[in-house]
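Residue-level structural notes
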Amino acid sequence: MRITITIRRFNPEIDVKPHWENYTLEVGRETTVLLALLKIKDEIDGSLSFRASCRASICGSDLMMINGMQKLACRTSVLEELDRHGHLKIAPMANMPVIKDMVVDMDPFWKKLKAVTPYVVRENDDLPVQSEALTTIQDNLENADACIMCGACLSACNTFEASSDFLGPAALAKAYRIQVDPRDEIRKNRLETLQTENGIWDCVRCVYCVQVCPKDVAPMEQIVRLRRRSIAAGFTESIGAKHITEFTKVVGKEGRLNETRLPILMTWGNFKKMFQMIPLGIKMFIHGKSPNPFADPPAGHEAVRAIFKGRKK
Amino acid sequence: MKYAYYPGCAGKGATPELHQSTMKVVEGLGIAVHELEAFNCCGAGVISEADPDLAYTLNARTLAIAEALGLNIMTVCGTCQGVLGGINKKLQKDEALRSRINAGLKETTGLSYGGTVGVKHFQWILVKDFGVDKLKRFITNPLTDVSIAPFYGCYILRPESATGFDDWENPQSLEKLIKAIGAYPVEYDGRTKCCGFPVFLEKQEIATELVEKRVGSAKNAAGDAMVTPCPLCHMALDFCQKDAEKIHREKEGPSRLFDMPVLHLPQLLGLAMGYSPESLGMKHHLVPAAPLIHKIT
Ligand code: SF4
Ligand code: SF4
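Let me begin by describing the structure that accompanies this report. (Residues numbered from 1 in each chain as written. Chains lettered and ligands numbered in written order. Predicted model: local features only at pLDDT ≥ 70, side-chain atom pairs only at ≥ 80, totals over all residues. Heavy atoms only, no water.)

Time to look at the interface of chain B and chain A. On the side of chain A, 57 residues touch chain B, which itself brings 63 residues to the contact. Taken together, both faces of the contact between chain B and chain A bury some 5,400 Å²; the carbon and sulfur share is 60%. Among the residues chain B hides against chain A, the three largest losses belong to Glu49(B), Glu169(B) and Leu201(B). Together they make up 15% of the total. The tally of links between chain B and chain A comes to eleven salt bridges. (Contact = heavy atoms within 4.5 Å. Buried area = accessible area lost by both parts, 1.4 Å probe. Salt bridge = Lys/Arg side-chain N within 4 Å of Asp/Glu carboxyl O.)

A separate point is the pairing of strand S1 (residues 2-9) of chain A. All names here are of chain A. Strand direction decides the pairing type here: S1 and strand S2 (residues 19-26), joined by eight bridges, are antiparallel. If you follow Arg 2 over to S2, its bridge partner there is Glu 26. Pairing of S1 with strand S5 (residues 89-91) involves two bridges; the strand directions are parallel. What sits directly across from Ile 7, in S5, is Ile 90. (Pairing = 2+ DSSP bridges. Helix = DSSP H or I, 4+ residues; strand = E, 2+ residues; numbered from the N terminus.)

Turning our eyes to something else, we now look at helix H2 (residues 78-85) of chain A. Residues and elements named next belong to chain A. Turning to H2, its buried residues number three or more, namely Val 78, Glu 81, Leu 82 and His 85. Relative to the axis of H2, the buried residues are bounded by an arc of 100 degrees and lie together on one face. In H2, the exposed positions that point more than 90 degrees away from the buried face belong to Glu 80 and Asp 83. Residues of H2 that are buried make contact with S1, helix H1 (33-43), strand S3 (63-66) and strand S4 (69-72). In this structure Ser 77 caps H2, since a side-chain oxygen of it lies 3.4 Å from the backbone nitrogen of Leu 79. (Buried < 20%, exposed > 50% of the residue type's maximum accessible area, 1.4 Å probe, protein only. Arc of directions from axis to C-beta. Polar contact = N/O pair within 3.5 Å; in protein donor to acceptor, adjacent residues only side chain to side chain.)

Laid out in structure tokens, this is it:
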């Protein structure tokens, strides 16, 4: 079958900006995007650049935008893509600096990973490791160890899109991986560093990382686990942590969320933040968008209170 | 066709116009609804961060109430749909989980959920149960020459395991509805991305930056208005637009204004069905819908 693939080309030595080019070639039912690219490189244009190695979704090097989505070229079928989108467009990973064609600079990805101290730290490495320790790790890994460092999640991350210093999904999933390792001796410190600016509380929960990860690492869920562990470890003062605890408290009392009361409770005592919210609060009030913070709890709240009470037991 | 209508906290709180326009439109279309008046919050994914079993139990209560009524649930919020619908799927599939959650639910409220309820967003009901062709018969004021940017948001699409209606990579249901009312669906980058709402209180800078990207891209594609199935997306895109405008003008030049009305799905349909902007609660928007209204009248 003859098909056309549209590829975004960029060679910094000759191009001012990237441009799209069409390639027509013969493909079969089993042709993957990677095979198609290799064929183009062999038969049509030898200057086409991309990374690839294992061809079997293990090395994680051929991640690119395929019809606008972060995918491994070696496990994406050409015909399935055409079927799903009606065309096949290939571009380098979004939100990463492009070096040439599909080759991007992965430096931001590695820097973030390094920033979470992604390995077990021990004062004395000669001490024997308890076998129970290894079992606990297995029980709590939640697939966080399956990462092949392809960069899909970071490239798709909506927080990263808006805030380039965000630690990002892969690094935070790795932090969780180490966090459940009882051999590690700096767990409390690591958890503490994750509370700061650009850490776990900056994730907007867009679920992109969960969806694009080719290895089901589900980074957002690992971030949620880190958040839960943080609150359990006593890191409860950040606005992010308060969002969870105060939201839950409001619902526990009234059965529903009161959007006027929550921001007040979350920012209570943080005058700068409270001050910031005032103009919007006034606008919302004028437009009839502020639920009465002193209203009686709505119908159904007794049942919810009972459920909360039951959970506490 | 009758549904147990779950208005959600936002519909009964900060976006009263969502509830108002929903009631108007379902009545006009002849879709019967039984409003769940004693409903509780779905937890919005936040309560499950504190305690997953608590979130399961709260949603099991909602499902059990609808089950006792013998009705499927209709949601009008993308986030409620993702959370309630996703938990429903888990409770249906995993019997051990269901009986564990039912034990607590029964003890505290006397209710128990058998796993037979369907949870559908109003948007999905229109496309599938009701049908786009039938909808066209109710359009008395087609919005010809109007370009609408569909904004899906996150939880009505992702994770796929919780939703499973549209193809999350290339959803089409809003586009179908926009075409059905005679308008033109704008193609732009960002229709399936995040509006920034979840960090609105923690990190306003991130939320504002995301709103700038979404509204900016809809604007560059010449959209007259945006439409969304999620009131939380509506709030972010509506509330942050003025702040986002400042960033936009720094990027694109001082003459660039942000005046993009952000409509709830039933409001957009209501306009095409001939209802007045007042009756659809348009006065509650921070960014006035006036330019759009002007164009269609
Ligand atoms: S869920 Fe959070 S970490 Fe994952 S992609 Fe979205 S913002 Fe990034
Ligand atoms: S978490 Fe998944 S998507 Fe992210 S780098 Fe690792 S394998 Fe790739």
